[in-house]
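One letter stands for each residue in the lines below.
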Amino acid sequence: MEVGFLGLGIMGKAMAANLLRHGFRVTVWNRTLSKCQELVALGATVGETPAAVVAKCSYTIAMLSDPIAALSVVFDKNGVLEQIGNGKGYVDMSTVDAATSSKISEAVKQKGGAFLEAPVSGSKKPAEDGQLVILAAGDKALYDDMVPAFDVLGKKSFFLGEIGSGAKMKLVVNMIMGSMMNALSEGLSLADNSGLSPQTLLDVLDLGAVANPMFKLKGPSMLKGSYNPAFPLKHQQKDMRLALSLGDENAVSMPVAAASNEAFKKAKSLGLGDLDFSAVYEVLKGAGGSSQA
Ligand SMILES: NC(=O)C1=CN([C@@H]2O[C@H](COP(=O)(O)OP(=O)(O)OC[C@H]3O[C@@H](n4cnc5c(N)ncnc54)[C@H](OP(=O)(O)O)[C@@H]3O)[C@@H](O)[C@H]2O)C=CC1
Ligand SMILES: O=CCCC(=O)O
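Now for a description of the structure that goes with this document. (Residues numbered from 1 in each chain as written. Chains lettered and ligands numbered in written order. Predicted model: local features only at pLDDT ≥ 70, side-chain atom pairs only at ≥ 80, totals over all residues. Heavy atoms only, no water.)

Here we look at the site of ligand 1
- Close contacts around ligand 1 come from 25 residues, with Asn30, Thr32, Lys35, Ser123 and Lys238 the closest.
- At 3.4 Å, a backbone N or O of Gly9 approaches an oxygen atom of ligand 1.
- With respect to ligand 1, the side chain of Arg31 contributes an N or O atom lying 2.9 Å from an oxygen atom.
- In isolation ligand 1 offers 900 Å² of accessible surface; the protein chains occlude 89% of this area.
- Listing elements by their share of the shell around ligand 1, those giving two or more residues are helix H1 (10-21), helix H4 (67-75) and helix H11 (233-249).
- The class makeup of the residues in the shell around ligand 1 is eleven nonpolar, ten polar and four charged. (Near = heavy atom within 4 Å. Polar contact = N/O pair within 3.5 Å; in protein donor to acceptor, adjacent residues only side chain to side chain. Areas by Shrake-Rupley, 256 points an atom, 1.4 Å probe, with all protein chains shown as cover. Helix = DSSP H or I, 4+ residues; strand = E, 2+ residues; numbered from the N terminus. Nonpolar A, V, L, I, M, F, W, Y, C, P; charged D, E, K, R; others polar.)

Structure follows, in structure tokens:
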């Protein structure tokens, strides 16, 4: 199967490499074109523009930072829309809001193409290991065509129905995740500032009902002040913002998410946006007294 791949950031690079490893022929494009070279070394070919990739491939996947990027790659000059048409599918796996996804879907369909949104749960390591959870919605026939690729990229894929359902599900999941990260950060800070060992707190948490892979993975590196980005904080804040907007649209009160969003915003304003989202701990421990991390 031949696929195009637009966007070679933390996630896109790992996903495209995974497809290559599993025998897919992959044509890649990235805004910063030099980043394509790592994938070329693994057997990819390069398309000079998103339109060139779509012209070459029946199926094109995108993994881009945010709604602005997702729209730009489709609608701008040399974008996806210039070459999409009958017999071609476009699959956007970026985390965006339902309105962005619907706008892309309508434009692609108007040109005769098929569109699927397919955001993912899981971060850099699951992307490298093909262990993502895929939250797809939109064109069911395109979803069926994509199953061989999804089987390589993920451990499970869901088809959630109409366009927007995948985007919304992803935002709900990340809203919960961001709030949990804030709760963990506050807990570590409270333990530290009240004379307890934060490491012992992690050990206790890991043996109880709130044990989870995220606390287990991120907790120890947070205590070392190490925030090598797997999921950049700026993207978590974007997801919180989009989830809060979904809450606004549906009159759902979300005070915990709103407070968490403030902490992520604060972290961004302190220049922590490109670090891992667990760097929000730096803001929350700063709000307390001493830190012994
Ligand atoms: N990292 C993670 O753990 C996860 C991330 N996600 C989501 O996946 C998406 C990608 O995340 P991730 O790989 O971490 O992000 P990165 O920041 O590492 O990569 C972002 C990608 O988007 C491109 N890009 C940004 N702005 C534009 C633009 N205006 N036009 C064209 N391309 C643009 C970048 O190009 P360039 O190289 O030129 O800057 C890069 O290829 C995001 O929506 C994120 O929320 C979902 C699950 C997990
Ligand atoms: O969007 C990013 C999600 C990160 C994760 O699920 O670990």
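Still more to cover.
Section: empty space enclosed by the protein
- Considering all chains together, one arrives at one cavity of 30 Å³ or more under this definition.
- Estimates place the volume of the largest cavity at around 40 Å³.
- Forming the walls of the largest cavity are Asp92, Ser94, Val96, Ser101, Phe115, Glu117, Ala118, Pro119 and Ala167. (1 Å grid on protein atoms, 1.4 Å probe; cavity = no way out; pocket = protein on both sides within 12 Å on 5 of 7 lines; lining within 4 Å. Points joined across faces, edges and corners; volume = space filled by probe spheres on them.)

Looking at the environment of Ser65
- For Ser65, the location among the structural elements is in the loop between strand S4 (59-62) and H4.
- Along the chain, Ser65 and Gly208 lie 143 residues apart, while their C-alpha atoms are 35 Å from each other.
- Here Asp66 takes part through its side chain, which lies 3.4 Å from a polar atom of the side chain of Ser65.

Focus: the site of ligand 2
- Contacts to ligand 2 come from Ser121, Gly122, Ser123, Lys170, Asn174, Met177 and Phe231.
- Here an oxygen atom of ligand 2 sits 2.8 Å away from a polar atom, N or O, in the main chain of Gly122.
- Between ligand 2 and Asn174, the relevant distance is 2.8 Å, taken from an oxygen atom to a side-chain nitrogen or oxygen of the residue.
- Protein burial of ligand 2: of its 240 Å² of free accessible surface, 82% is covered by the chains.
- With three residues, helix H8 (residues 165-193) is the largest single contributor of residues to the shell around ligand 2.

Quick word on the pattern of salt bridges
- A full pass over the atoms with the stated rule returns twelve salt bridges.
- For Arg25, the salt bridge identified is with Glu2, shortest N-O distance 3.4 Å. Note that Arg25 is positioned in strand S2 (residues 25-29) and Glu2 in strand S1 (residues 2-6), a separation of 23 residues in sequence.
- The partly exposed category is assigned to Glu2, whose relative accessible area is 22%.
- The partner of Lys285 in a salt bridge is Glu282, and the shortest N-O contact between them spans 3.0 Å. Here Lys285 and its partner Glu282 are both found in helix H13 (residues 280-286), three residues apart, which amounts to about one turn of the helix.
- Overall, Lys285 belongs to the buried group, its relative accessible area being 12%.
- Assessed through its relative accessible area of 28%, Glu282 is described here as partly exposed. (Salt bridge = Lys/Arg side-chain N within 4 Å of Asp/Glu carboxyl O. Buried < 20%, exposed > 50% of the residue type's maximum accessible area, 1.4 Å probe, protein only.)

Observations concerning the environment of Val147
- Structurally, Val147 can be placed in helix H7 (residues 140-153).
- When its relative accessible area of 26% is taken as the criterion, Val147 is described as partly exposed.
- Counting along the chain gives ten residues from Val147 to Ser157, while the straight-line C-alpha distance between them is 8.3 Å.

Observations concerning the layout of surface pockets
- When its volume is computed, the second largest pocket comes out at roughly 230 Å³.
- Lining the second largest pocket are 15 residues; nearest its centre among them are Gly9, Ile10, Lys13, Ala14 and Glu38.
- Secondary-structure elements contributing two or more residues to the lining of the second largest pocket are H1, helix H2 (37-40) and helix H6 (124-129).
- A total of five residues in the lining of the second largest pocket trace back to one element, the largest contributor, which is H1.
- Here the lining of the second largest pocket is composed, by residue class, of six nonpolar, three polar and six charged.

So, the nonpolar core
- Within the largest apolar cluster, 36 residues are counted, with the highest numbers of intra-cluster contacts made by Phe5, Leu19, Met93 and Phe150.
- In terms of nonpolar packing, the next biggest core, distinct from the first, is built from 30 residues, Leu171, Leu205, Ala257 and Ala279 among them. (Core = buried A, V, L, I, M, F, W, Y, C linked by side-chain atoms within 4.5 Å.)

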